[in-house]
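# Remarks on the overall topology
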Amino acid sequence: MSNEMQGYVQNAFEYARSSCGEGRVASYIPALAQVDPKKFGIAVALSNGEYHCAGDAEEPFSIQSISKVFTLTLALERLGNTLWESVGREPSGSSFNSIIQLETEGGKPRNPLINAGAIATTDRLIDNRSVDTTISEILDFMRESAADDSVFIDGIVATSEAGMGARNRSLAHFMSAFDNLRHPVETILAVYFQQCAVAMSCSQLARAGLFLALSGKDPSSSNQLISSEHCRRINAIMLACGHYDNSGEFAFRVGLPGKSGVGGGILAIAPGQGAIAVWSPGLNQAGTSLVGSLALEHFAAAAGWSVFE
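Residues numbered from 1 in each chain as written. Predicted model: local features only at pLDDT ≥ 70, side-chain atom pairs only at ≥ 80, totals over all residues. Heavy atoms only, no water.

## Describing the overall build of the protein
For the protein, the helix and strand inventory stands at 13 helices and eight strands. Over its C-alpha trace the protein gives a radius of gyration of 18 Å, about what one expects of a compact globule, namely 19 Å for 309 residues. Dimensions of the protein, computed from C-alpha atoms along their principal axes, come out at roughly 55 × 40 × 35 Å. In the protein, which comprises 309 residues, the proportion classed as buried is 57%. (Helix = DSSP H or I, 4+ residues; strand = E, 2+ residues; numbered from the N terminus. Rg over C-alpha atoms; globule rule 2.2 N^0.38 Å. Buried < 20%, exposed > 50% of the residue type's maximum accessible area, 1.4 Å probe, protein only.)

Listed below in structure tokens is the structure:
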């Protein structure tokens, strides 16, 4: 299986590599605009402890909205079903930073994986604690799930995001006007901008997502990081909402729960099998890595990994 799986990974890498440089980097965040659009890595972490990688799989990148999966995990474990008082569970059908639905739906975001929903989730995670305490909790959890203490927050990216965060501030103030936030807007965004600036490599990210493929259990320590029930719920939300208005297309082509970020990363989960992370900065129109999506589609088909089989 080891050689066969490495073959799937290498073939997916070779298949998608010809498209490197296509798509557009997230230029609205100055720090991300400087990233080489031809970077491309892929890593697969299996439940038996094996890793299979190709390309730039060991180079850290800004995971951006993929961090929303981890803050959702922490918030859901802490708050349980009361989290859904602040955020819904439906696909948005809109871009990741759209404000339109907030007005028509009373300031309650459609799901935790769009920007407004992630801000609402972060608000609940803070739970009257300090910014530094909350950020430390998020970073500690990501290091634990990655089994790697070198996972870090890129201060340059965080500063860049905060400086260009007018749209996110608008979303937060809009929700606050509907009494759907419990903390000051700048307190929430101080956490949110830093969680989005977490930097990880593909191999770290694949390992970090592995608990979602294993009913919430860490494969090395056997610690139950989240309950199996919450694990199923998170995978369901990732499948339906993980790629904004491109979520249906991703489910159709790849057939796995996933979450993309505008840094060019994608985390995909194959329940019972493993986790896959890809990174290539060029984005399609929906803000998902163009090359990464091609690689995941090719890999999933070859490996026979799909929640629909």
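## Here we look at the sheet that holds strand β8 (residues 274-279)
Spatial ordering of the open sheet is given by β2-β1-β8-β7-β6, a layout of five strands whose pairing is antiparallel. Strands with a single pairing partner mark the edges of an open sheet, and in this sheet they are β2 (51-55) and β6 (258-260). Within this sheet the neighbouring strands show an average axis-to-axis angle of 10°, counted without direction. Pairing geometry for strand β7 (residues 265-270) and β8, over six bridges, is antiparallel. (Pairing = 2+ DSSP bridges. Axes fitted to C-alpha atoms, helices over the stretch in contact; angles between N-to-C directions.)

## Some words on the sheet that holds strand β5 (residues 198-200)
Spatial ordering of the open sheet is given by β3-β5-β4, a layout of three strands whose pairing is antiparallel. With partners counted over all chains shown, the strands left at the sheet margins are β3 (61-62) and β4 (152-153), one partner each. As paired strands, β3 and β5 are joined by two bridges and run antiparallel to one another. Bridging across to β5, Ser-62 finds its partner in Ala-199.

## So, the side chain of Lys-68
Locating Lys-68 in the fold gives a position in helix α3 (residues 67-79). Of the side chains with opposite charge, Glu-161 lies nearest to the buried Lys-68, which makes no salt bridge, at 9.1 Å. Side chain to side chain, Lys-68 and Tyr-244 meet in a polar contact 3.4 Å long. The residues touching Lys-68, leaving out its near neighbours within four places in the chain, are Pro-112, Leu-113, Ile-114, Asn-115, Ala-118, Tyr-192, Tyr-244 and Lys-259. (Lys, Arg positive; Asp, Glu negative; His and termini not counted. Salt bridge = Lys/Arg side-chain N within 4 Å of Asp/Glu carboxyl O. Polar contact = N/O pair within 3.5 Å; in protein donor to acceptor, adjacent residues only side chain to side chain. Contact = heavy atoms within 4.5 Å.)

## Looking at unusual backbone geometry
Positive phi outside glycine occurs at Asp-127, with the angle close to 50°. A positive phi angle is found at Ser-215, which is not glycine, with a value near 55°. By the secondary structure assignment, Ser-215 is in the loop between α10 (202-208) and α11 (228-241). On the accessibility criterion, Ser-215 (43% relative accessible area) is partly exposed.

## Brief notes about the pattern of salt bridges
Taken as a whole and judged by the stated rule, the model has 11 salt bridges. Salt-bridge contacts for Arg-110 lead to Glu-105; the nearest nitrogen and oxygen are separated by 2.8 Å. Judged by its relative accessible area of 25%, Arg-110 is partly exposed. Judged by its relative accessible area of 30%, Glu-105 falls in the partly exposed class.

## A look at the pairing of strand β1 (residues 41-46)
Counted residue by residue, β1 has six buried out of six residues, so it is predominantly covered. One ladder, built from five bridges, connects β1 with β2; its direction is antiparallel. If you follow Ile-42 over to β2, its bridge partner there is Ala-54. Hairpin connection of β1 to β2: four residues between the antiparallel strands, including Gly-49 at a positive phi of 95°. Sheet topology places β1 next to β8; six bridges connect them, and they run antiparallel. Each bridged residue has a counterpart across the sheet, and for Gly-41 the counterpart in β8 is Trp-279.

## What about the pairing of β8?
Extensive coverage of β8 is indicated by the burial of six of its six residues. Along β8, one buried face is formed by Gly-274, Ile-276 and Val-278 and the opposite face, lined by Ala-275, Ala-277 and Trp-279, is buried too. The hairpin formed by β7 and β8 contains three residues between the paired strands, and Gly-272 there has a positive phi angle of roughly 80°.

## Observations concerning the packing of helix α5 (residues 115-126) against helix α8 (residues 166-177)
Two elements in contact, α5 and α8, have axes whose closest approach is 10 Å; the angle formed by their N-to-C orientations is 60°. With respect to each other, α5 and α8 are oriented oblique. Crossing handedness for the pair α5 and α8: right-handed. Across the interface between the two elements, Asn-115, Ala-116, Ile-119 and Ala-120 of α5 pack against Asn-168, Leu-171, Ala-172 and Met-175 of α8. Considering only residue class, the contact of α5 with α8 consists of six nonpolar, two polar and no charged. (Parallel < 35°, antiparallel > 145°, perpendicular 65-115°, else oblique. Left-handed = near helix turned anticlockwise from the far one by under 90°. Nonpolar A, V, L, I, M, F, W, Y, C, P; charged D, E, K, R; others polar.)

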